[in-house]
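Below, each chain spelled out in residue letters.
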Amino acid sequence: MNPVLDLDFKEIEQLPLPWSELKGTKILLTGATGFICKYLVEMLARVSIEKNLEMEFWLFRRRGAPESLQCSNVHWIAGDITEAFLPEDFRPNIIIHAASPANTKAHICDPVGLSQTNILATRYLLECARKHGATFVYFSSAAVYLNQSGTFSEVSPGELVKSNATFSLYGASKLAGELLCEDYRRNFGVDCRIIRPFSIHGPGESLDSGRYFPDFLRQALRDKEITVTGTGTPVRDSCYLMDFVSGLLYVLLKGNSTAYNIGNEDNVYTILELAQKIAGQSGSLNVIGPLSLTDHTSGDFFVSDTAKLRQLGWKPQVDLPACIQRCLDSYRYAGS
């Protein structure tokens, strides 16, 4: 195993969580071929063995997508996410709906598919949760929030709609999925737990995804210099993938039927500062720019407020230098 993942998973296994509540559960997960959920399933499969939890995983993939994990307790379901793809006799205990392209390139190339995944598929899976009494975890996004100058704390989907905000298609479709969760919670008693990821970074993300963090890592590893094409002034936070997954577990095992931000306001930087930190940790590389050639459309200040999640006992363990180092080490191990 990648030594970075081995370290991450060992630290997750040591979390003071009621792991026994997962014993014998059947977990359905969409988006299992994405870098976040691939990591999540590999971690849970390992925990299931280490703690004798006998979990079963049913992973959805689009037809033609590879089965990225082979294990005796992992079952793959191939199909079209906008159609009925579940076997009639399948009765999950937990449904984690994480399928949705999260990069700008995908939003532009396939806006219809984006909306169908975040709305039609969400409705279909909520109906499955209602029918079988399953806990439903919905991967929403920080894109449901308005741009503002302070940190973002949780408000209900209904309040976000009342704000008369102008959303991106991605943010609007995620918010529509949240409203469906609210409707199923209110009318059918479905246990819907909404998570709103902010900037999540970690092993396995494509270095060509178009996001600024892997862009900088790719340049550091391949080009030996980093170019900041924008102004460099937008402020972001960074949550390492291990901390995000531990946050998800706290929501699943200790949370309530509501919305939770998952980010890390302890790791805050400007885009230029991040480029400089990555350059420094990669061997004192040169940073070119900022060139002010591109604009950031997601706001000048985009930082999470995770007080609600921390009340469950969660706290992030990986600071920004360690996040950068673990990512660099992981990509180097993989030969990127």
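Computed from a predicted structure; not experimentally measured.

Just checking my understanding: could you explain the overall build of the protein for this structure?
Within the protein, the secondary structure is distributed over eleven helices and 14 strands. Among the 336 residues that make up the protein, the fraction classed as buried is 54%. Relative to all contacts within the protein whose residues are 6 or more apart in sequence, the contacts with residues 24 or more apart total 80%. Within the structure as shown, the protein displays about 14,200 Å² of accessible surface, and the carbon and sulfur contribution to it stands at 49%.

What is the right way to look at the pairing of strand β1 (residues 26-30) in this model?
Remember that side chains alternate between the two faces of the sheet whenever the strand is regular. Burial analysis of β1 places four of its five residues in the buried class, which makes it a mostly covered element. Bridge count between β1 and strand β2 (residues 56-62): four bridges; the pairing is parallel. Directly across from Leu28, in β2, lies its bridge partner Trp58. This β-α-β element, β1 to helix α2 (residues 35-50) to β2, shows right-handed connectivity. Pairing of β1 with strand β4 (residues 94-97), which is carried by four bridges, proceeds in the parallel orientation. The partner of Leu29 across the bridge, within β4, is Ile96.

What am I meant to see in unusual backbone geometry here?
Peptide bonds are trans in most cases, and residues, glycine excluded, mostly fall at negative phi. A cis geometry characterises the amide bond from Gly289 onward to Pro290, with omega recorded as 10 degrees. Here Pro290 is to be found in the loop between β13 (286-288) and β14 (301-302). Unusually for a residue other than glycine, Asn52 sits at a positive phi of about 55 degrees. Tracing the chain through its elements places Asn52 in the loop between α2 and β2. Of note, Ser284 is a non-glycine position whose phi angle comes to about 55 degrees, a positive value. Summarising the element assignment, Ser284 is placed in the loop between α9 (271-281) and β13.

How should I be thinking about the packing of α9 against helix α11 (residues 320-334) in this particular structure?
In a pair of packed helices, the angle between the axes and the distance between the axes together describe the arrangement. Interhelical geometry of α9 versus α11 gives an angle of 55 degrees and a closest axis separation of 10 Å. As summarised for this structure, α9 and α11 are arranged oblique, according to the angle between their axes. Relative to α11, α9 is oriented so that their crossing is right-handed. Contacts between α9 and α11 pair Leu274, Lys277, Ile278 and Gln281 from the former with Leu320, Pro321, Ile324, Gln325 and Leu328 from the latter.

Whenever I open this one, the sheet that holds strand β11 (residues 259-262) confuses me. Can you help?
Strands pair in a sheet through their backbones, by hydrogen bonds, and they do so in one of two ways: parallel or antiparallel. Taken together, seven strands build an open sheet; the order of strands is β3-β2-β1-β4-β5-β6-β11 and the sheet is parallel. Only two strands of the sheet have a single partner each, and these edge strands are β3 (74-79) and β11. Neighbour-to-neighbour, the strand axes of this sheet turn through a mean angle of 20 degrees, independent of strand direction. Each of β5 (135-139) and β6 (192-197) is contacted by helix α6 (residues 169-188), which is oriented at about 165 degrees to β5, the strand it contacts most. With respect to the sheet, helix α8 (residues 241-254) is in contact with β4, β5, β6 and β11, its orientation differing from that of β6 by roughly 160 degrees.

I keep staring at α6 and nothing clicks. Help me out?
Because the α-helix completes a turn every 3.6 residues, residues three or four places apart line up on one side. Taking 1.5 Å per residue, 20 residues should reach 28 Å; α6 reaches 28 Å between its end C-alpha atoms and fits that length. Listed as buried for α6 are Tyr170, Gly171, Ser173, Lys174, Leu175, Gly177, Glu178, Leu180, Cys181, Tyr184 and Arg185. The positive-phi residue at the C-terminal boundary of α6 is Gly189, with phi of around 75 degrees.

I keep staring at the pattern of salt bridges and nothing clicks. Help me out?
Charged atoms that come close allow side chains of opposite charge to pair. With the rule as written, the count across this model stands at 20 salt bridges. Between Arg130 and Glu127 there is a salt bridge, with the nearest N and O atoms lying 2.5 Å from each other. Of the two residues, Arg130 and Glu127 both sit in helix α4 (residues 111-132), three residues apart, roughly one turn of that helix. Between Arg310 and Asp266 there is a salt bridge, and its shortest N-O distance comes to 3.3 Å. Taken together, the residues span a long stretch of sequence, with Arg310 in helix α10 (residues 307-310) and Asp266 in the loop between β11 and β12 (268-270) at a distance of 44 residues. It is possible to trace a salt-bridge network through shared partners that takes in Asp6, Lys10, Glu13 and Arg46.

Calculation notes
- Residues numbered from 1 in each chain as written.
- Predicted model: local features only at pLDDT ≥ 70, side-chain atom pairs only at ≥ 80, totals over all residues.
- Heavy atoms only, no water.
- Helix = DSSP H or I, 4+ residues; strand = E, 2+ residues; numbered from the N terminus.
- Buried < 20%, exposed > 50% of the residue type's maximum accessible area, 1.4 Å probe, protein only.
- Contact = heavy atoms within 4.5 Å.
- Areas by Shrake-Rupley, 256 points an atom, 1.4 Å probe, with all protein chains shown as cover.
- Pairing = 2+ DSSP bridges.
- Right-handed = clockwise from strand over helix to strand, strands pointing away.
- Axes fitted to C-alpha atoms, helices over the stretch in contact; angles between N-to-C directions.
- Parallel < 35°, antiparallel > 145°, perpendicular 65-115°, else oblique.
- Left-handed = near helix turned anticlockwise from the far one by under 90°.
- Expected span 1.5 Å × (residues − 1).
- Salt bridge = Lys/Arg side-chain N within 4 Å of Asp/Glu carboxyl O.

Interpretation note: all reported values are geometric properties and have no functional meaning in isolation.
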